[in-house]
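Results of the structural survey
Each chain is listed here by its residues.
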Amino acid sequence: MIPDSLEARALALARRKGLLAGAPRPGERLASALQDPGLRDQLLWEALREDATADGATYPASWTGGAWPPLQAADPGLQLDRFGPYERLELLGAGGQGRVYRAFDPRLRREVALKLLQGARPEDHLREARAQAQVEHRNVCRIYEVGEAEGQPYLAMQLIQGRPLTAWRQDPREAVRLLRDAAEGVHAAHRHGLLHLDLKPSNLLVSETEAGPAIFVTDFGLAGAVDERDAEEGGKPLGSPPFCAPEQVDRNRAPLDPRADVYGLGATLFAVLTGRLPFQASSLTELMDQIQRQAPLRLRAADPAMPRDLEAILGKAMAKDPEDRYASALAFADDLDRWLKGMPIAARSLAWPGRAMKWARRNPLTAGSLGLLLAGALAAAAVSARSAARHRRMRALLQTFSEDMRTLELRLFAMRMLPPEDQRPIRADLRLRLQRIEAALPEMGDLAPAGHYALGIGYRSLREWEPSARHFKAAWDAGFRSPESAEATGIAFGILTTVLTQQAAALPAAARAEAEARIQREWAEPGRRILETYAGTPEETPYAAALEAYHRKDFDGVFSHCLDAVHRQPWQVAAWRFMVSCSMQDPAAAARSGLAPDADGYSLAVRRLELTGPGDSVSQDVLGAYWAQAAQTAAPGSAARHARLERAFAAFQRARVIDPDQAYPLERLLGLCEDAEAAEPARAAAWQAARTRVLQEAAREPALAEAVRAAGPTDGR
């Protein structure tokens, strides 16, 4: 099936060539107007290449991997010695979007790839190039300059001297590694709202570097061809047909989003691994029809030696329905990375019942007549009654434990909104239940991922971040994935990174550097990748978007997403707490979001955190740190400074009440007393007395004996 907009252009072209006479007829089709299939294909090809039409269609002049006319040799008149500030131009290639030269920039003394844009709408390319220039990723070709000289718009880009990805076909693992890196680069572009829409081996260049082969995503030139007018007209096919997603060929199927690029990445890797295209067609018309109607060739059908897990990954990436694909290019990259490391993948090969159901949706009449036979086949393939009963017992056990833990978690949540009290009894109960679930894990079978996730939530409630992160990781690695689990897992990894880094600070320099590198490798980087899994997709949670923005040091984004989160759930204490913490790091961004402190030092986030987290030790610690920092901005000896120090003391003291056997709140409180004594010499005696009272109270807790001894005598001397 040929999209109407393309068919109309091909028919108009046929009339201009004198191949058809008379005015266009309503509902006229190319197949009935022209009987010669070769002529129809040639017209379609020329219509796709056309770039000077009123509607400004812009397409590449050659598509790799198909049996279509090759790019004509460059006109010698296109040779240039100089253009604008650039010198020593050497023509590298020409296409529907423009001409590309190797050039020398004498200002920065470097070689660049200089692209002179052509076509009816070069401003589209300039707009998208400016967007691409904002993408800073090691695997994305950099845009150095966007401008116009001599009436000619141009782009100055990173000059990449490399070969297309197809050169790595003989080393499948290296090809997968490179494609994984390319997918990460594509995801970085998606985060800036930029789709590629023409991913194929020739646009993924591999260059040799000191660290080994590195891949670069190039040529975002088609991104600017998607606009509201295209959507209203039903859309134009974009990119190179052998690598186009179905919704690119026919935009009436679904709107274009990052999943179209996921398809292109999958099709590219398929071609690189097998040396074949996902669809085998003898003509452009047939190819476009197959893309829309048929499933792509399976990897192992093209090459039986390929691993089944890799086939499952590509099957998910190239699913006909965008809803069945990976939610983001990063999710695709993550699964490729897991395959490279020999870990369980998120994709699973579709078993025959699943394939049968998809076939049934495409062929409802035939499927209806076979319904009874299918039901019988499914019944015959059912597992034994004993195995099913065991599965039900494990599910019931997990459900019981999960409900118990949810009840306890809600109770802890409620306690955090009430005045502070000792939460040790309820935590002991929760810890006991968690131990029971851990003991049952070996018997849970395919329910174990859900068990790990429940354990991650439970240990999170206890603020025990190492077991929480470990269980969230086990659930994620086993394929238990959703926007909510990405948020929970990313948060746990991030907090554990902070905790372990603080512990490593006490190590000698060499050991500390090694420990910090390990922490980054094992927890920080994976945590960031997990948080980015749904970045830029409708499924991403606001709080996860805030955390992902924080990793990019985009504090305006942090506050925007956090305010969105609390707009949906005003009681979400974590978001208010995060806003208070970030306001200490970037007060200017906080002020731009309406979170600037008033004359007394209060901001909206601080007031809401005091309301939502009075019984939460972490929230009180954040408030204590906030008021201690706010005291430093007040005039020395002023009432404002004293009031803020007292608020900091009260917050740290509340954290002590909630966690009376933990050394950290005690250390924070003692440190504040010492700082306040130095900041307020006139009240030094009062602060010394407060410190003594704190130590005397802490001495009653056996768990704090070492911390009390380290702090000094408890009698004030």
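Residues numbered from 1 in each chain as written. Predicted model: local features only at pLDDT ≥ 70, side-chain atom pairs only at ≥ 80, totals over all residues. Heavy atoms only, no water.

**Focus on the packing of aromatic side chains**
Counted only if it meets this: Only the six-membered ring of Trp is used, alongside the rings of Phe and Tyr, when aromatic pairs are assigned; centres must lie within 6.5 Å, and planes under 30 degrees apart are stacked while those over 60 apart are edge-to-face, with the rest tilted. Starting at the N terminus, helices and strands are each numbered in turn, a helix being any DSSP run of H or I of at least four residues and a strand any DSSP run of E of at least two. The rule is simple: take the accessible area with a 1.4 Å probe, protein chains only, and divide by the maximum for that residue type; under 20% is buried, over 50% is exposed, in between is partly exposed.
Applying the stated criterion across every chain yields a total of 12 aromatic pairs. Seen from their ring centres, Phe 83 and Tyr 154 are 5.5 Å apart, and the 85 degrees between their planes marks the pair as edge-to-face. Of the two residues, Phe 83 sits in strand β1 (residues 82-83) while Tyr 154 sits in strand β6 (residues 152-158), which places them 71 residues apart along the sequence. The exposure classification of Phe 83 matches that of Tyr 154, with both residues buried.

**As for helix α22 (residues 542-551)**
The buried count for α22 comes to eight of 10 residues, which makes it a mostly enclosed element. Here α22 has its buried residues at Pro 542, Tyr 543, Ala 544, Ala 545, Ala 546, Leu 547, Glu 548 and Ala 549. Downstream of α22 by a residue or two, Lys 553 has a phi angle that is positive, lying close to 60 degrees.

**A look at the nonpolar core**
Short version of the rule: Definition of nonpolar core: a set of buried residues of the types Ala, Val, Leu, Ile, Met, Phe, Trp, Tyr and Cys, connected through side-chain atoms within 4.5 Å.
Leu 273, Ile 313 and Phe 332 are the most contacted members of the largest nonpolar core, which has 71 residues in total. In terms of residues, this core owes the most to one element, helix α8 (residues 258-274), which gives 10 residues. With 55 residues, the next largest nonpolar core counts Ala 549, Val 573, Ala 631 and Leu 666 among its residues.

**Concerning the pattern of salt bridges**
Where we set the bar: Salt-bridge detection follows one rule: a side-chain nitrogen of Lys or Arg within 4 Å of a carboxyl oxygen of Asp or Glu.
The final tally for this structure, using the stated rule, is 36 salt bridges. Taking the shortest distance from any N to any O, the salt bridge between Glu 525 and Arg 528 comes out at 2.3 Å. A residue pair is termed a helical-turn pair when its members lie 3 or 4 positions apart in one helix, as Glu 525 and Arg 528 do in helix α21 (residues 509-531) at three residues. Residue class for Glu 525 comes out partly exposed when judged on its relative accessible area of 38%. Through salt bridges with shared partners, a single network forms among Glu 174, Arg 177, Arg 180, Asp 181, Asp 337 and Lys 341.

**Quick notes on the pairing of strand β9 (residues 212-217)**
What counts here: Strand pairing is defined by DSSP finding a minimum of two bridges between the two strands.
Counting buried positions along β9 yields five of six residues, so the element is predominantly enclosed. Relative to β9, strand β8 (residues 204-209) is paired through six bridges, and the arrangement is antiparallel. When the sheet's bridge partners are listed, Ser 207 is paired in β9 with Ala 214. The antiparallel hairpin formed by β8 and β9 contains two residues in its connecting segment.

Everything listed is a geometric property; what it means functionally is a separate question.
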